[in-house]
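Residue strings, one per chain:
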Amino acid sequence: MPSKSDPDNKPVAFDSHDHRRCVQTAAADVEAVCADQNLRLTPIRRRVLEILLEEHRALGAYDVLARLSAEGQPAHPPVAYRALEFLVNHGFAHKLERMNAFVACAQPGEDHRPVFLICSACNAVAEDAAAGVGAALGQAAGAVGFAIASTAIEAEGLCPGCRGNAAV
Ligand SMILES: [Zn+2]
Ligand SMILES: [Zn+2]
Ligand SMILES: [Zn+2]
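Residues numbered from 1 in each chain as written. Chains lettered and ligands numbered in written order. Predicted model: local features only at pLDDT ≥ 70, side-chain atom pairs only at ≥ 80, totals over all residues. Heavy atoms only, no water.

1. With respect to the sheet that holds strand 4 (residues 125–128)
Sheet strands pair via backbone hydrogen bonds, and the direction of the pair is either parallel or antiparallel. Spatial strand order, 4-3-5: three strands in an open sheet with mixed pairing. The sheet terminates laterally at strand 4 and strand 5 (153–157), the two strands that pair on one side only. Going across the sheet, the axis of each strand differs from the next one's by a mean of 20°, ignoring polarity. Note: strand 3 (residues 115–119) against strand 5, five bridges, orientation parallel. Each residue of the ladder has a partner; that of C119, found in strand 5, is G157. (Pairing = 2+ DSSP bridges. Helix = DSSP H or I, 4+ residues; strand = E, 2+ residues; numbered from the N terminus. Axes fitted to C-alpha atoms, helices over the stretch in contact; angles between N-to-C directions.)

Following this line, the structure appears as structure tokens:
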């Protein structure tokens, strides 16, 4: 059984942790969802997902392309864009509008309204479920008869590591 995210939904990105487990768990979750929904996780889509999963960090489409070509993949921009589009459309990755960059989803396959905490110094990104924020937004929208299709809540600032460096 692939384990789902922590029950207390703490973002792990800013803590030191066994990151190989994040990658394995997320890749297994995505595989399960793809099998379930008959989605084709082609080798290039899988590789782009893995590249995004390797760090809790936002990557631009060109960063992904650069990684693919460094690995000797025939990386034409449309190939990378289409793979990213697939991952975003199916909720396996999120697009960060503010940075025009991509980050792997921390809870693939789950319906959620994520909140992103983005470090402007090192580009580290934590995806927080922040259920209260989504509920508040849903209530505010409901009160004026508005149906939310998608939300992008992004906070920019300094992660604990970069705050520590700044203090030295
Ligand atoms: Zn990790
Ligand atoms: Zn997510
Ligand atoms: Zn940082």
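2. Section: the coordination of the zinc ion (ligand 1)
Within the protein, H17 (NE2), H19 (ND1), C22 (SG) and H56 (NE2) serve as the donor atoms for the zinc ion (ligand 1), at 2.0 to 2.3 Å. Because the angles between the four donor atoms bound to the zinc ion (ligand 1) fall within 98 to 120°, the donor set is best described as tetrahedral. We note that the donor set of the zinc ion (ligand 1) lies within a single chain, spaced as H-x1-H-x2-C-x33-H. Remark: C22 and H19 occur in helix 1 (residues 19–37); sequence separation between them is three residues, near one turn of the helix. Accessibility expressed as a relative area gives 22% for C22, which makes it partly exposed. (Donors = N, O, S within 2.8 Å, 3.2 Å for Na, K, Ca; no water. Tetrahedral: all angles 85-135°; square planar, octahedral: opposite > 155°, others 65-115°. Buried < 20%, exposed > 50% of the residue type's maximum accessible area, 1.4 Å probe, protein only.)

3. Quick look at unusual backbone geometry
You will see that N38, though not glycine, has its phi angle at about 60°, which is positive. Mapping N38 onto the fold places it in the loop between helix 1 and helix 2 (43–53).

4. Overview of the pattern of salt bridges
Tallying each qualifying case throughout the model produces 10 salt bridges. Among the ionic pairs, D18 bridges to R20, the shortest N-O distance being 3.4 Å. The exposure class assigned to R20 is exposed, which follows from its relative accessible area of 63%. The shortest N-O distance in the salt bridge between E50 and R47 comes to 2.8 Å. (Salt bridge = Lys/Arg side-chain N within 4 Å of Asp/Glu carboxyl O.)

5. Some points on helix 4 (residues 77–89)
With 13 residues, helix 4 extends 18 Å from end C-alpha to end C-alpha; this agrees with the ideal 18 Å at 1.5 Å per step. Among all positions in helix 4, only A80, A83, L84, F86 and L87 are buried. Buried residues along helix 4 cover an arc of 155° about the axis, so they all sit on one side. Away from the buried face of helix 4 by more than 90 degrees, exposed residues R82 and N89 are located. (Expected span 1.5 Å × (residues − 1). Arc of directions from axis to C-beta.)

6. Concerning the packing of helix 2 against helix 3 (residues 61–70)
Across the interface, helix 2 lies against helix 3 with an axial gap of 10 Å and an inter-helix angle of 115°. One finds that helix 2 runs roughly perpendicular with respect to helix 3. In this structure, helix 2 crosses over helix 3, and the sense of that crossing is right-handed. Here I44, R47, V48, I51 and L52 of helix 2 come into contact with helix 3, specifically with V64, R67 and L68. For the contact of helix 2 with helix 3, the class distribution of residues is six nonpolar, no polar and two charged. (Parallel < 35°, antiparallel > 145°, perpendicular 65-115°, else oblique. Left-handed = near helix turned anticlockwise from the far one by under 90°. Contact = heavy atoms within 4.5 Å. Nonpolar A, V, L, I, M, F, W, Y, C, P; charged D, E, K, R; others polar.)

Take it as geometry only, folks, not as evidence of what the structure does.
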